[in-house]
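Read off the chains here:
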Amino acid sequence: EMNQSRSAFTPAGRQTVGDVRAAIVEFREHATPTIIRSPDGDRPAKGYFWIEPASGRVLKSEVFVADRRSSAKITVTYGAVPKLTVWAPILMVEEYTGPEAIRGKATYANFRQFGVSVDVKK
């Protein structure tokens with residue numbers, strides 16, 4: 001929420017993600033200094049969120065950042081975590097282009113919830 005005002009958000013259609021018909025919201029960062037910076041200065045981000053209209057749950061996100069020499073695209077897919085009551089990232093794909101192309105893929109699994117208990121003695 002604290003960075004929401006840094007970007008403009010506009011509806012960008014609908015698309016099915018998995019088996020859910022999602023609303024697509026485009027964002028474009030306009031505030032300076034930008035969240036992502038390079039030695040050459042500000043790098044405004046833009047991208048999309050795929051949102052389940054009934055719940056407001058984010059199903060997928062995509063972020064783009066570029067300058068004259070290189071660009072980055074990071075796509076994250078979110079899913080239900082059986083052991084938890086929340087959705088979490090389950091797949092992230094990073095693509096970087098510049099003098100050479102780099103592509104990375106990370107999958108997330110085996111989520112665990114940790115608890116802490118405190119006993120105060122006087």
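In the block above lies the structure referred to throughout.
Everything numeric here is computed off the predicted structure, so don't read it as measured data.

A. Just the sheet that holds strand β6 (residues 58-66), in detail. One open sheet accounts for seven strands, arranged β1-β2-β5-β6-β7-β8-β9; its pairing is antiparallel. Strands at the two margins of the open sheet, each flanked by one partner only, are β1 (7-17) and β9 (102-107). Averaged over all pairs of adjacent strands, the angle between strand axes in this sheet comes to 15 degrees, irrespective of strand direction. Here six bridges tie strand β5 (residues 46-51) to β6, and the two strands are oriented antiparallel to one another. In the strand pairing of β6, glycine 47 is matched with valine 63.

B. The arrangement of the nonpolar core in detail. Listed in full, the six residues of the largest apolar core are Val17, Val20, Ala22, Ile24, Trp50 and Leu59. Examining the composition of this core, we find that three residues originate from one element, strand β2 (residues 20-29), more than from any other. Apart from residues no more than four positions distant in its own chain, valine 20 is found in contact with Gln15, Glu52 and Leu59.

C. Just the pattern of salt bridges, in detail. Enumeration according to the criterion identifies nine salt bridges in this entry. With a closest N to O distance of 2.3 Å, arginine 69 and aspartate 40 form a salt bridge. In this pair, arginine 69 is assigned in the loop between β6 and β7 (71-80) and aspartate 40 in the loop between β3 (37-38) and β4 (41-42), connecting sequence segments 29 residues apart. By relative accessible area, aspartate 40 is classed as partly exposed at 43%. In this structure, the salt-bridge partner of aspartate 67 is arginine 43, at a minimum N-O distance of 3.5 Å.

D. Geometry of the layout of surface pockets. Looking at the largest pocket, its volume works out to about 280 Å³. In terms of lining residues, the largest pocket is bounded by 13 residues, among which Asn3, Ser7, Phe27, Ile35 and Phe49 are the most central. Secondary structure elements with two or more residues in the lining of the largest pocket: β1 and β2. In terms of residue class, the lining of the largest pocket is built from seven nonpolar, three polar and three charged. When its volume is computed, the second largest pocket comes out at roughly 180 Å³. Residue lining of the second largest pocket: 15 residues in total, with Ile36, Val65, Ala66, Ser71 and Ala72 positioned closest to the centre.

The rules behind each value
- Residues numbered from 1 in each chain as written.
- Predicted model: local features only at pLDDT ≥ 70, side-chain atom pairs only at ≥ 80, totals over all residues.
- Heavy atoms only, no water.
- Pairing = 2+ DSSP bridges.
- Helix = DSSP H or I, 4+ residues; strand = E, 2+ residues; numbered from the N terminus.
- Axes fitted to C-alpha atoms, helices over the stretch in contact; angles between N-to-C directions.
- Core = buried A, V, L, I, M, F, W, Y, C linked by side-chain atoms within 4.5 Å.
- Buried < 20%, exposed > 50% of the residue type's maximum accessible area, 1.4 Å probe, protein only.
- Contact = heavy atoms within 4.5 Å.
- Salt bridge = Lys/Arg side-chain N within 4 Å of Asp/Glu carboxyl O.
- 1 Å grid on protein atoms, 1.4 Å probe; cavity = no way out; pocket = protein on both sides within 12 Å on 5 of 7 lines; lining within 4 Å.
- Points joined across faces, edges and corners; volume = space filled by probe spheres on them.
- Nonpolar A, V, L, I, M, F, W, Y, C, P; charged D, E, K, R; others polar.

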